[in-house]
Amino acid sequence: MLRLTTPISDEDIRSLHVGDSVLLNGIIVTGRDAAHKFLIEHFIRNQSDDPEDVALLEKLKPLLNGGVIYHCGPVVKKNEDGSWSFVAAGPTTSIREEVYEAEVIKFFNLKGVIGKGGMAGKTLQACHDQPAVYFHAIGGAATLIAQSVKEVVDVYKLEFGVPEAMWVIRVEDFPVVVTMDSHGQSIHDKVLAESEERFKQLVG
Amino acid sequence: MSEPLKLDLVEPLLELVRKAATDLPQDMVEALEKGKAQEEPGSAAEQALGTILQNVEMAREKSTPICQDTGTPIFEVHYPFGVSTRMLKAQIEEAVAQATAHSYLRPNAVDSLTGKNSGNNLGIEFPTIHFHEWDEDRIFITLQLKGGGSENVSTQYKLPDSRLGAGRDLEGVRRVVLDAVLKAQGKGCAPAVLGIAIGGDRGTGYMVAKKQLLRKVNDLNPNPDLAALEERIFVEANELGIGPMGFGGKTTVLGVKIGAAHRLPACYFVSIAYMCWANRRAELNVKLVDGKVAEVSYA
C-alpha cells in the first residue's frame, strides 16, 4: 500500500488515481463546519487585523501548505499532565464544506482533504487545478482511526467546542482511499450516475 | 398522597450509555459480516466493511466510542406506577453528563443561537426522553444514539408525490424510500438501517420511524403486508449498487423496518429515519421488588 507523508508534493498527488489506498503520515489539521466558516470569513474573503487572528494565520500557513485538512469532530480526552489524546476520530460528512473547500484549498495550497461521503464539482475542479485529492476515510471507524493519531501537537479555536476546534495531530498510517483525484475523476459521480440508472429501472 | 419511590439508577444508566456507545449489538455485527461476505474480495466495499468490523471489535475491547459522533441520545423509558419521571429525568441527565466526562460520549449539544457547546450533552430538548407508564413491576429503558451524518439524510415525503409517481399506498411508500436511499448515496454512512413510518404528523412520523430502529435488524414484521414491503425495499435498495460508504457494492442497506401511525385525512407522510451502520442501541432492565431495586440487567 502507498505511504505518503505531509507535506505532500504535487508530483505525488498527480500520481494518485481514484481507488488508490493510501496510508497517510505526518501532521494534519482537523477542521469542519465552524473552522471552514472561520477561515473563509477571517482570512480568505476578508483579512482580519485582529492580532489573535493574524497570529493564528501565521501558525496555520506552514501546517497547511502542502498539508491536509481532516473533516473530523473527535472525542478527545484531557490527560492528567494537561496533554490531549484522541479517543475516537472518524470522518464527518464533507459535502457541508463544499461551499468553502475550493477556496481553502487554493488559499493554503492544500494537497488533500480527508472526509467521508465525497464532495462536488467546485472541489473536484480545485483538486484538478491545485493539484489536490480527496481522501475518503471509513465513516464511523472512530476507535480504529484514533489509533493512528500518535500525538496531539496543538489545538486552535477550542472555543468552538471540542468537535469543531482545529486539532493539529501527528498521524501514522492513517488508512484512506482516494475517491476524487487531480485528473477530474470522482468515484462519487460514477456511483451516483449508475445508481440513478438502476433507480429509473426500479420505479419505471 | 403516597410518596414516590426513592431509587438511585445513575450508575446503571451510566453503564447503559457506555454500552450503547461502545458495543454494537450482535445482530448488527452479523448483518455487517453477511454484507462483507457478499462483496467482491479485495474491493473497496469489502475493505470498508472489514475496517468497520475491526473497529467495532476494537471499540468493544477498549470501551471507547464506535463512532466519534455519539449522536442524539434517545431514551424510551417504561416505568411502573409510583416512580417519579422527574427523578428519572434528573438521573438520566446526571448519567449523560458523567458519560461525557468519561469520553463515552462526545459533547454534542450546541446552543442553536450562540453556537456554544454545553460541554456535557445537556441542553434544551437534549437528550431526548420519552416516558411510558406501564403495568409491569420493572423499569425498562432503551437508549439509541442517532448520529448527525445519518440524521442529515433522513427525510420526510408528503404523498402524493408527482415527481416520483408516488400515490397514497404501499407502492408509493416503496418509491419514496428508494428515492431517499438514492439521494443519501454514501453520505449517511451506508450500509444503513432504514426506520420508516407511514402516517402520523410531521413530528410523530419521525418518532415512529426512529422507534423502528430499536427492532432487531433480522426480525420479521408481524404485519404481513409490511413484512413483504420491508423485504422488497431491502432487495431493491441493495440493487442500487451504492455500497458501503458509497464506494459502490452490493451492501447499501442492512435492514428495512416499517411502522405505521394514524394520520389526518389530509396528510400522508412517509418519514425515513436513515441510520448509519453504527446502529447503536442498548437496553437496561431494572426489576423492582417492594419498591426496591432487586435486579439490574443489560442487553
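Residues numbered from 1 in each chain as written. Chains lettered and ligands numbered in written order. Predicted model: local features only at pLDDT ≥ 70, side-chain atom pairs only at ≥ 80, totals over all residues. Heavy atoms only, no water.

A. The arrangement of the layout of surface pockets in detail. Of the voids in this model, the largest pocket is the one considered here, and its volume is about 900 Å³. If you trace the largest pocket, you find 45 residues lining it, with Arg32 of chain A together with Arg106, Asn108, Ala109 and Val110 of chain B closest to the centre. Mapped by element, the contributors of at least two residues to the lining of the largest pocket are helix 2 (33–44) of chain A together with helix 5 (148–153) of chain B. Classifying every residue of the lining of the largest pocket by side-chain character gives 14 nonpolar, 19 polar and 12 charged. Here the lining of the largest pocket spans two domains, and each of domain 1 (10–23 + 66–147 + 280–298) and domain 2 (149–275) of chain B adds at least three residues to it. When its volume is computed, the second largest pocket comes out at roughly 480 Å³. In terms of lining, the second largest pocket is formed by 22 residues, of which the most central are Lys34, Val217, Asn218, Phe234 and Leu254 of chain B. Going through the elements one at a time, helix 2 (26–38), helix 8 (224–239) and strand 6 (253–261) of chain B are the ones with two or more residues in the lining of the second largest pocket. Sorting elements by how many residues they give to the lining of the second largest pocket places helix 2 of chain B first, with 6 residues. Considered class by class, the residues forming the lining of the second largest pocket number 8 nonpolar, 6 polar and 8 charged. (1 Å grid on protein atoms, 1.4 Å probe; cavity = no way out; pocket = protein on both sides within 12 Å on 5 of 7 lines; lining within 4 Å. Points joined across faces, edges and corners; volume = space filled by probe spheres on them. Helix = DSSP H or I, 4+ residues; strand = E, 2+ residues; numbered from the N terminus. Nonpolar A, V, L, I, M, F, W, Y, C, P; charged D, E, K, R; others polar. Domains from an automatic or database assignment.)

B. Seen up close, the nonpolar core. Core analysis: the biggest nonpolar cluster contains 59 residues, and Leu24, Ile114, Phe135, Trp167 and Phe174 of chain A together with Trp277 of chain B have the highest contact counts within it. Counting residues per element, this core draws most heavily on strand 9 (residues 166–180) of chain A, which supplies 7 residues. With near-sequence residues (within four places) excluded, phenylalanine 135 of chain A lies in contact with Leu16, Val22, Leu24, Val68, Gly112, Val113, Ile114, Gly115, Val176, Val177 and Val178 of chain A. Membership of the second largest hydrophobic core comes to 36 residues, among which are Val191 of chain A together with Ile196, Leu240 and Ile272 of chain B. (Core = buried A, V, L, I, M, F, W, Y, C linked by side-chain atoms within 4.5 Å. Buried < 20%, exposed > 50% of the residue type's maximum accessible area, 1.4 Å probe, protein only. Contact = heavy atoms within 4.5 Å.)

C. Looking closely at the domain arrangement of chain B. Residue and element names in this part refer to chain B. When cut into domains, chain B gives domain 1 (10–23 + 66–147 + 280–298) and domain 2 (149–275). Inter-centroid distance (C-alpha atoms) of domain 1 to domain 2 is 26 Å. With 12 residues of domain 1 at the contact, the number on the domain 2 side is 14 residues. Where domain 1 abuts domain 2, roughly 980 Å² becomes buried across the two surfaces, and 55% of that area is made up of carbon and sulfur atoms. Among the residues of domain 1 in contact with domain 2, Gln144, Lys146 and Arg281 are the three that bury the most area, contributing 56% of the side total. (Buried area = accessible area lost by both parts, 1.4 Å probe.)

D. Quick look at the environment of glutamate 30 of chain B. Examined against the element boundaries, glutamate 30 of chain B turns out to sit in helix 2. The sequence separation of glutamate 30 of chain B and glycine 115 of chain B amounts to 85 residues, and the corresponding C-alpha distance is 39 Å.

E. Molecular detail of the packing of helix 1 (residues 10–22) of chain B against helix 4 (residues 85–101) of chain B. All names here are of chain B. One can describe the packing of helix 1 onto helix 4 by two numbers: an axis separation of 8 Å at closest approach and a directional angle of 50 degrees. Of the possible angle classes, the one that applies to helix 1 and helix 4 is oblique. Relative to helix 4, helix 1 is oriented so that their crossing is right-handed. Side by side, helix 1 and helix 4 meet where Val10, Leu13, Leu14 and Val17 of the first sit next to Gln91, Ile92, Glu94, Ala95, Gln98 and Ala99 of the second. Of the residues assigned to the contact of helix 1 with helix 4, the class counts are 7 nonpolar, 2 polar and 1 charged. (Axes fitted to C-alpha atoms, helices over the stretch in contact; angles between N-to-C directions. Parallel < 35°, antiparallel > 145°, perpendicular 65-115°, else oblique. Left-handed = near helix turned anticlockwise from the far one by under 90°.)

F. Spatial organisation of the pairing of strand 6 of chain B. Residues and elements named next belong to chain B. Of all the 9 residues making up strand 6, 7 are buried; the element is thus mostly covered by neighbouring parts of the structure. Pairing analysis gives 8 bridges linking strand 5 (residues 192–199) to strand 6, with the strands arranged parallel. The residue bridging valine 193 from the neighbouring strand is glycine 255, located in strand 6. (Pairing = 2+ DSSP bridges.)

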